[in-house]
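Coordinates in review
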Amino acid sequence: MKLIATDLDGTLVRGDRSVSPRTASLLGRLDKSGVIIVLVTGRPIRWLFGVYEQLGLRPLAICANGAATYDPVTDSIVHSAPLSAEALAEACARLRASVPGVVFAVERDGGRQMRHEPEFPVGPWEVDHESVAPTSFAELITRPAHKLLVRAGAQSPDEFTARVGACLAGVAEATNSSSSGMVEVSAVGVTKASALARVARGHSVEARDVVAFGDMPNDLPMLTWAGRGVAMANGHPAVRAAAHDVTAATNEEDGVAAYLEALYRY
């Protein structure tokens with residue numbers, strides 16, 4: 001395999017947000033040997049820097065489920081595919097008309113900034129963060145956004161994602177990557193797979209030469225596109241069922257590192 005694409009949370013990163021020394025060391029060795037490493041995540045850019053510090057290398061990162069491709073060497077977004085202001089407004093209008101209690105947030109500039117309705121629940125690690133702030137609904141939909149975040153109280157993640165996806169058919173893509181009932185919405189045609197395919201083409205790498213790792217529904221397009229899509233042992237049942245292979249160990253047990261050690265005979 002010429003290119004390794006890996007999700008972060010639930011895959012490469014452990015529950016305490018750490019990357020193990022074993023994983024960091026192995027990826028460093030593979031990088032030096034010429035294997036291309038790409039991080040492919042739903043995370044915004046502002047959540048990447050701790051991962052880079054632990055890895056000790058700075059591979060390209062596909063963020064916001066494919067909507068922004070970030071180069072940490074130049075600190076720049078090298079490809080962008082946001083929801084237009086028009087599509088964002090249409091998506092919010094459809095959801096507000098059909099989902100009681102729905103509230104919204106948006107990730108802008110690849111996730112350097114997050115803006116949310118006052119009622120939208122923000123994680124404790126982002127309360128009072130300088131790049132995260134409440135705003136009015138009217139302001140929320142005035143600019144393009146790399147990702148729209150949708151909540152409506154306690155929801156079954158898969159059922160709520162299906163409901164949002166049906167509501168937004170033809171307007172946007174809906175997926176989920178957590179058990180919290182939050183749905184992540186991107187522009188039509190924007191997935192982890194679409195962005196990874198673009199990066200692979202830039203390196204003259206075909207899908208058959210890509211091994212990809214993931215654990216949640218937002219990883220499904222990438223895992224089915226790659227020549228070898230590998231689900232985590234701790235992954236969502238639908239992801240494990242669709243993948244070409246499943247790791248023997250979880251993300252807490254260095255499942256990605258163990259799989260790559262066997263694959264590359266390290």
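Up top is the structure these notes are about.
About the criteria used
Note that residues are indexed from 1 along each chain, following the sequence as it is written. Reporting of local features is limited, given that this is a predicted model, to residues whose pLDDT is at least 70; pairs of side-chain atoms are given and counted only at 80 or more, and all residues count toward the totals for whole chains, interfaces and linings. Based on all heavy atoms of the structure, the side-chain values leave hydrogens and waters out of the count. The helix and strand labels rest on DSSP assignments: H or I over at least four residues marks a helix, E over at least two residues marks a strand, and numbering proceeds from the N terminus. The globule rule used here is 2.2 Å times the number of residues to the 0.38 power, and the radius of gyration it is set against is calculated over C-alpha atoms. Burial classes follow relative accessibility: with a 1.4 Å probe on protein chains only, a residue under 20% of its type's maximum area counts as buried, one over 50% as exposed, and anything between as partly exposed. Here a residue-residue contact requires only that any non-hydrogen atoms of the pair lie within 4.5 Å. Neither His nor the chain termini are counted; the positive set is Lys and Arg, and the negative set is Asp and Glu. Where a charge lies is defined by one atom per residue type, namely NZ (Lys), CZ (Arg), CG (Asp) and CD (Glu). Helix axes use the C-alpha atoms of the stretch in contact, all axes being lines fitted to C-alpha atoms, and the angles between their N-to-C directions lie in the range 0 to 180 degrees. We call a crossing left-handed when the near helix sits turned anticlockwise from the far one by less than a right angle, and right-handed when that turn is clockwise. Using protein atoms alone on a 1 Å grid, points that fit a 1.4 Å probe yet trap it form a cavity, whereas open point sets bounded by protein on both sides within 12 Å along at least five of seven lines form a pocket; residues with an atom within 4 Å of a point count as lining. Grid points are joined across faces, edges and corners, and a volume is the space filled by probe spheres set on the points. Three categories are distinguished: nonpolar for Ala, Val, Leu, Ile, Met, Phe, Trp, Tyr, Cys and Pro, charged for Asp, Glu, Lys and Arg, and polar for the others, with Gly belonging to the last. Salt bridge, as applied in this entry: a Lys or Arg side-chain nitrogen positioned within 4 Å of an Asp or Glu carboxyl oxygen. When the sulfur atoms of two cysteines come within 2.5 Å, that pair is taken as a disulfide. Here roughly perpendicular refers to angles of 65 to 115 degrees, roughly parallel to angles under 35, roughly antiparallel to angles over 145, and oblique to all remaining angles. It is the directions from the helix axis to the C-beta atoms whose arc is reported.

Moving on to the overall build of the protein chain. The secondary structure content of the protein chain amounts to nine helices and 14 strands. Its C-alpha atoms give the protein chain a radius of gyration of 18 Å, near enough to 18 Å, the size a compact globule of 266 residues would have. For the protein chain, with 266 residues in total, the buried portion stands at 55%. Of all intrachain contacts in the protein chain linking residues separated by at least 6 positions in sequence, the fraction that spans at least 24 positions is 58%. Positive and negative side-chain charges of the protein chain, numbering 25 and 30 respectively, have mean locations separated by a distance of 4 Å.

Right, let's talk about the packing of helix H1 (residues 21-32) against helix H9 (residues 255-264) for a bit. Where H1 meets H9, the closest approach of the two axes is 10 Å, and the angle between their N-to-C directions is 35°. Note that H1 runs across H9; the crossing there is left-handed. Where H1 abuts H9, its residues Arg-22, Thr-23, Leu-26, Leu-27 and Leu-30 lie against Ala-257, Ala-258, Leu-260, Glu-261 and Tyr-264.

Per the stated rule, a full pass over the model turns up one cavity of 30 Å³ or more. Forming the boundary of the largest cavity are Thr-11, Leu-12, Arg-14, Ser-20, Thr-23, Asn-251, Asp-254, Gly-255, Val-256 and Ala-257. Looking at which element gives the most residues to the lining of the largest cavity, the answer is H9, with three residues. Broken down by class, the residue content of the lining of the largest cavity amounts to three nonpolar, five polar and two charged.

On to unusual backbone geometry. Residues other than glycine seldom take positive phi values, yet Arg-17 does so here, at roughly 70°. Tracing the chain through its elements places Arg-17 in the loop between strand E1 (3-6) and H1. Among the residues examined, Arg-17 registers a relative accessible area of 48% and is labelled partly exposed. Located in the positive-phi region is Ala-64, a residue other than glycine, with phi close to 50°.

The next thing to look at is the pattern of salt bridges. Counting across every chain of the model gives 15 salt bridges. Its salt-bridge partner being Glu-107, residue Arg-46 comes within 2.7 Å of it at the nearest N-O pair. One end of the pair, Arg-46, is in the loop between strand E2 (36-40) and helix H2 (49-55); the other, Glu-107, is in strand E6 (residues 103-108), and 61 residues separate them in sequence. Judged by its relative accessible area of 12%, Arg-46 falls in the buried class. The salt bridge partner of Arg-208 is Glu-206, with a shortest N-O separation of 2.6 Å. The class of Glu-206 is partly exposed, set by a relative accessible area of 43%.

A separate point is the state of the cysteines. One pass over the structure, following the stated rule, counts zero disulfides. Here Cys-92 is not cross-linked by a disulfide; its sulfur's nearest cysteine counterpart is in Cys-167, at 10 Å. Overall, the relative accessible area of 1% leaves Cys-92 in the buried class. Given the relative accessible area of 18%, Cys-167 is considered buried.

Closest axis-to-axis distance for the helix H3 (residues 85-98)/helix H5 (residues 157-167) pair is 9 Å, and the angle between their directions is 120°. It follows that H3 is oblique to H5 by the angle criterion. Relative to H5, the crossing made by H3 is right-handed. Residues Arg-94, Leu-95 and Ser-98 of H3 form the contact with H5, whose own contacting residues are Arg-163, Val-164 and Cys-167. Looking at the contact of H3 with H5 residue by residue, the class counts come to three nonpolar, one polar and two charged.

As for its placement among the helices and strands, Phe-137 is situated in helix H4 (residues 137-140). With relative accessibility at 26%, the residue Phe-137 sits in the partly exposed group. Once the C-alpha coordinates of Phe-137 and Thr-41 are considered, the two residues, 96 residues apart in sequence, prove to be 27 Å apart. Beyond its immediate chain neighbours, meaning those up to four positions away, Phe-137 contacts Cys-92, Arg-96, Phe-104 and Glu-117.

This brings us to H5. Residues of H5 that are buried: Phe-160, Thr-161, Val-164 and Cys-167. Here the buried residues of H5 occupy an arc of 125° about the axis, which is enough to place them on one side. Facing away from the buried side of H5 by more than 90 degrees, the exposed set consists of Glu-159 and Ala-166. Those residues of H5 hidden inside the fold are in contact with H3, strand E9 (147-151), strand E10 (172-175) and strand E11 (183-187).

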